[in-house]
Amino acid sequence: MTRTSLDVTGRDCLSFTVSGPWAHFRRLDTTTEKLTYRVIPRTTAAGLVAAVLGEPRDSYYDTFAPEVSAMAITPLSSLETMPIPQLTLPTEEGDIQTADGVSGKTVVDPGTIATERKRRTFEYIVDPAYRIDLVLDDDAVFERVAEQLLAGRATYTPYLGKSECLATIDDIERTTVTDTDATSVDSTVPEEYVVPGAGEQLRIERTPAYMEADETGRRTTGFVSYAYSGGDETLTVSGAPTKTVEDRTVCFI
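Let me begin by describing the structure that accompanies this report. Treat the numbers as computed from the prediction; the structure is a model and nothing was measured.

**A short note on the overall build of the protein chain**
What the protein chain contains, in helices and strands, is three helices and 17 strands. Long-range pairs, those at least 24 residues apart, make up 80% of the contacts in the protein chain between residues at least 6 apart in sequence.

See the structure below:
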């Protein structure tokens, strides 16, 4: 499991809330039902920041590598989900063609429609909200992100996993990360640090955390397994590298 090696103590931190009516972060370990991670994956949060800056696809992974970036993610809602059936038509390169004799009009290959047009069930998170704390070693990029968010601007429309799940980014604050020995944590926590309480339900996910560009476009280079709580709940930890941001206790990944 890969985690950030960046020393964040004393560094500037940009904190912001990402929310929306719906979210879907497709789980990589399922093939039939379109299940979702409950917590926005680190890679997705990085992509959201890159969209705010207008960075090209697959161009920003080095900026969010574990040795030069750190991120803490705190769920602010209960992260309840709802299954929603949808009629979908997955397409690949070559399936969409120009219509004969009609300028500018495109059609999907009839064979693809006959075999791939199916009703699939997608699992969506209802009213998700996350507080994200971001530290970057690249001061120039950090300042660009801060300028865009504080001005309420985004080059590309931010969304929560799927393009139809539009996101709102607000409550932007610049703070400084400080050390703490607190054992009650608001954010997600690497699972090895969590101390389960009696009768407490422990919720754990393993999601992509880091990526790099390759000849096919991109590949995942690191995962993180973390425990999380929802809403106003906290997690009890032992030996975790806890930090204070604003009035919250968090773990950076």
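**A closer look at the sheet that holds strand 17 (residues 248-251)**
Taken in spatial order, the three strands make up an open sheet running 10-16-17, and their pairing is antiparallel. If you trace the sheet from one side to the other, it starts and ends with strand 10 (178-179) and strand 17, each paired once. Relative to strand 17, strand 16 (residues 242-245) runs antiparallel, the two sharing four bridges. Considered in strand 17, the bridge of Thr244 is made with Thr249.

**So, empty space enclosed by the protein**
With the rule as written, the count across this model stands at one cavity of 30 Å³ or more. Size it by volume and the largest cavity reaches roughly 70 Å³. Together, Arg42, Thr43, Ala46, Tyr60, Tyr61, Phe64, Ala65, Ala209, Tyr210 and Met211 line the largest cavity. Breaking the lining of the largest cavity down by element, the ones donating at least two residues are helix 1 (42-53) and strand 13 (203-212). Tallied by class, the residues present in the lining of the largest cavity amount to eight nonpolar, one polar and one charged.

**Comments concerning the environment of Leu202**
Looking at where Leu202 falls in the secondary structure, it is placed in the loop between strand 12 (189-190) and strand 13. You can call Leu202 partly exposed: its relative accessible area is 33%. Sequence separation of Leu202 and Glu191 is eleven residues, and the distance between their C-alpha atoms is 9.5 Å. Among residues more than four places away in sequence, those in contact with Leu202 are Val194, Pro196 and Ala227.

**A look at unusual backbone geometry**
Positive phi values are uncommon outside glycine, yet Asp58 reaches one of about 65 degrees. Take Asp58: it is sitting in the loop between helix 1 and strand 3 (69-75). A positive phi is found at Leu79, a non-glycine position, where the angle reads about 60 degrees. Relative to the helices and strands, Leu79 resides in the loop between strand 3 and strand 4 (81-88).

**Side note on the environment of Ala129**
Examined against the element boundaries, Ala129 turns out to sit in strand 8 (residues 129-136). Owing to a relative accessible area of 13%, Ala129 belongs among the buried residues under this scheme. For the pair Ala129 and Ser19, spaced 110 residues apart in sequence, the C-alpha separation works out to 4.1 Å. Not counting the four nearest positions on each side in its chain, Ala129 is found in contact with Val18, Ser19, Thr74, Pro75, Leu76 and Ser77.

**Thoughts on the sheet that holds strand 9 (residues 168-176)**
Read across the sheet, four strands follow the order 3-8-1-9 without closing on themselves; strand pairing throughout is antiparallel. Of all strands in the sheet, those with a lone pairing partner are strand 3 and strand 9, marking the two edges. On average, each strand axis in the sheet is tilted by 20 degrees relative to the strand beside it, whichever way the strands run. Pairing geometry for strand 1 (residues 12-19) and strand 8, over six bridges, is antiparallel. Within strand 8, the position partnered with Ser19 by the bridge is Ala129. Where helix 1 meets the sheet, its contacts fall on strand 1, strand 3, strand 8 and strand 9, and the angle it forms with strand 3 comes to roughly 105 degrees.

Procedures and definitions
The numbers attached to residues start from 1 for each chain and follow its sequence in the written order. Confidence filtering applies because this is a predicted model: local features only for residues at pLDDT of at least 70, side-chain atom pairs given and counted only at 80 or more, and all residues used for totals across whole chains, interfaces and linings. The side-chain values count all of the structure's non-hydrogen atoms but skip hydrogen atoms and water molecules. In DSSP terms, a helix is any run of H or I states spanning at least four residues, a strand is any run of E spanning at least two, and both are numbered starting from the N terminus. Contacts are assigned to residue pairs that have any heavy atoms within 4.5 Å of one another. DSSP calls a pair of strands paired once it identifies at least 2 bridges connecting them. Every definition here rests on a 1 Å grid over the protein atoms only: cavities are sets of points where a 1.4 Å probe fits but cannot get out, pockets are open sets enclosed by protein on both sides within 12 Å along at least five of seven lines, and lining residues have some atom within 4 Å of a point. Grid points are joined across faces, edges and corners, and a volume is the space filled by probe spheres set on the points. Throughout, the ten residues Ala, Val, Leu, Ile, Met, Phe, Trp, Tyr, Cys and Pro are labelled nonpolar, Asp, Glu, Lys and Arg are labelled charged, and all others, Gly among them, are labelled polar. We call a residue buried when its accessible area falls under 20% of the maximum for its residue type, exposed when it is over 50%, and partly exposed in between, using a 1.4 Å probe and counting protein chains only. A fitted line through C-alpha atoms represents every axis, and for helices the fit uses only the stretch in contact; the resulting angles, taken between N-to-C directions, go from 0 to 180 degrees.

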